[in-house]
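# Structural overview
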Amino acid sequence: MNEEVVVSLIKDLTAKLSAVAEEFSGRVDRAETNEPSAPAPAAPDNLSHVKRLIAERRSRRRFLPAELFHEPAWDMLLALYVANEESQTMNVKGLVACADAPVTTSQRWIEHLAKLRLVTRVVDTVDRRRVEVSLSQTGIEAIEAYLAAHR
């Protein structure tokens, strides 16, 4: 690849990342000004529904290129919902594996999800090098509202 092509790709990527950062900044501002919504009533089969969604998302990769369906934030939110419902803890490393994305990309998404108050992060009390990630109450309510709307 020649230098001009690389420079052009970097400029394009920088512009796209700036647009994403701007969008998330706006969402954070809107989230801070909005009152929390009433929690959606929990359906008893939400866990199985989310597990089906995860399985369906993974099965698409057998038939079509994986990059067509790359949504690390959504994959992480679904995995965190399952972990929450099963009373399991999830650390950043496990969450990155669920996202099927590069570590740095996943970490950026975790940061954005935290800014949007959809997830919380807590340093592991046993191994202070690890950070546990979980859905916030806002995140749980958002996922359950989505599930209720898509029944």
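Residues numbered from 1 in each chain as written. Predicted model: local features only at pLDDT ≥ 70, side-chain atom pairs only at ≥ 80, totals over all residues. Heavy atoms only, no water.

Looking now at the sheet that holds strand β3 (residues 131–135). Taken in spatial order, the three strands of this open sheet run β1-β3-β2, and their pairing is antiparallel. The open sheet has two edge strands with one neighbour each: β1 (90–91) and β2 (119–123). Pairing analysis gives five bridges linking β2 to β3, with the strands arranged antiparallel. Counted as the bridge partner of Val123 is Val131 from β3. With respect to the sheet, helix α3 (residues 72–85) is in contact with β1, β2 and β3, its orientation differing from that of β3 by roughly 90°. (Pairing = 2+ DSSP bridges. Helix = DSSP H or I, 4+ residues; strand = E, 2+ residues; numbered from the N terminus. Contact = heavy atoms within 4.5 Å. Axes fitted to C-alpha atoms, helices over the stretch in contact; angles between N-to-C directions.)

Think of an α-helix as 3.6 residues a turn; residues three or four steps apart then line up on the same face. Taking 1.5 Å of rise per residue, the 14 residues of α3 would be expected to cover 20 Å, and the 20 Å separating its terminal C-alpha atoms lies within 8% of that figure. With 11 of 14 residues buried, α3 lies mostly within the body of the structure. Within two residues after α3, Ser87 carries a phi angle of roughly 55°, on the positive side. (Expected span 1.5 Å × (residues − 1). Buried < 20%, exposed > 50% of the residue type's maximum accessible area, 1.4 Å probe, protein only.)

Turning next to the nonpolar core. Residues Leu95, Val119 and Leu135 are the most contacted members of the largest nonpolar core, which totals 29 residues. Taken together, the elements giving at least two residues each to this core come down to α2 (46–60), α3, α4 (92–99), α5 (103–115), β3 and α6 (137–149). Here the element with the most residues in this core is α3; it accounts for nine residues. Once residues within four sequence positions are removed from consideration, Leu95 is found in contact with Met76, Ala79, Leu80, Met90, Ile110 and Val133. (Core = buried A, V, L, I, M, F, W, Y, C linked by side-chain atoms within 4.5 Å.)

Orientation of α3 relative to α6, taken along the N-to-C sense of each, is 100°, at an axis distance of 11 Å. Regarding the angle of α3 to α6, the classification is roughly perpendicular. Between α3 and α6, the residues in contact are Trp74, Leu77, Tyr81, Asn84 and Glu85 and Ile140, Ile143, Glu144, Tyr146 and Leu147, respectively. Split into classes, the residues belonging to the contact of α3 with α6 amount to seven nonpolar, one polar and two charged. (Parallel < 35°, antiparallel > 145°, perpendicular 65-115°, else oblique. Nonpolar A, V, L, I, M, F, W, Y, C, P; charged D, E, K, R; others polar.)

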